[in-house]
Amino acid sequence: MSFYCRAKEKRNRLSLLLQRHEFHEKTHSSTSGHLAKHTRVSPEEAVKWGESFDKLLSHKDGLEAFTRFLKTEFSEENIEFWIACEEFKKSKEPQQITLKAKAIYEKFIQTDAPQEVNLDFHTKEITTKNITQPTLHSFDAAQSRVYQLMEQDSYTRFLKSDIYLDLIEGRPQRPTNLRRRSRSLTYNEFQDVKSDVSIWL
């Protein structure tokens, strides 16, 4: 391969790497902006959410604020599973119950599920057996366990978070800082880019 061809190939590679990095930056910026969306909640209402976890989840804005908080900790699968269970229990048609139960199980319960929730072996085994012949109560044990985990762990931290403190103080919501799940340029890739650039500069 000629020197010109190698240089051209490396330029293309550099362009791809930089485009990937720029895409991650824009995605992160867009997500943070979305999470900073203003919610009109009175401080008096927000204070009530500190009285109990149930009061927090029973209020639409409380649920939204708690979900935003969980996203900053990358544990939103817990509240999303809880919400999915609440919606599932509204199902009426047998076919609908079967399809939704399968979808919830595959998304949140089965091993290596895309949003697997943290369940003990006993609860997971019970839930797995329940969906072989699903009913509206198939996920009760799992939902109760996840609720308990959120109440004892995440809820306590939520009450100390900037998201909640800003609400009870009546302050404008600030952008939510997320640790990036998406991969930016690694150190090795950056070194490759530097060497690639030196060839054709």
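Thresholds, definitions, all that
- Residues numbered from 1 in each chain as written.
- Predicted model: local features only at pLDDT ≥ 70, side-chain atom pairs only at ≥ 80, totals over all residues.
- Heavy atoms only, no water.
- Helix = DSSP H or I, 4+ residues; strand = E, 2+ residues; numbered from the N terminus.
- Buried < 20%, exposed > 50% of the residue type's maximum accessible area, 1.4 Å probe, protein only.
- Contact = heavy atoms within 4.5 Å.
- Areas by Shrake-Rupley, 256 points an atom, 1.4 Å probe, with all protein chains shown as cover.
- Phe/Tyr/Trp six-rings, centres within 6.5 Å; stacked < 30°, edge-to-face > 60°.
- Salt bridge = Lys/Arg side-chain N within 4 Å of Asp/Glu carboxyl O.

## Observations concerning the overall build of the protein
- Within the protein, the secondary structure is distributed over 10 helices and zero strands.
- Shown N-terminal to C-terminal, the secondary structure of the protein runs as helices and strands in the order α-α-α-α-α-α-α-α-α-α.
- For the protein, the residues scored as buried account for 34% of the 201 residues in total.
- Relative to all contacts within the protein whose residues are 6 or more apart in sequence, the contacts with residues 24 or more apart total 65%.
- Surface accessibility of the protein: about 12600 Å² in total, with carbon and sulfur atoms responsible for 53%.

## Observations concerning the packing of aromatic side chains
- Here the structure, examined in full by the defined rule, presents 10 aromatic pairs.
- Aromatic pair Phe66 and Phe158: ring centres 5.5 Å apart, planes at 90°, arrangement edge-to-face. Here Phe66, found in helix H4 (residues 60-72), pairs with Phe158, found in helix H8 (residues 140-158); they are 92 residues apart in sequence, far enough to count as distant. As far as the burial class goes, Phe66 and Phe158 line up, both buried.
- Of the aromatic side chains, those joined through ring pairs into one cluster are Phe53, Phe66, Phe69, Tyr147, Tyr155, Phe158 and Tyr164.

## Quick notes on the pattern of salt bridges
- For the structure on display, the rule yields 10 salt bridges.
- Put simply, Lys89 and Glu86 hold a salt bridge, and the shortest N to O gap is 3.2 Å.
- With a relative accessible area of 33%, Lys89 lands in the partly exposed category.
- Taking the shortest distance from any N to any O, the salt bridge between Asp166 and Arg171 comes out at 2.8 Å.
- Among the charged side chains, a network of salt bridges with common partners joins Glu73, Asp153 and Arg157.

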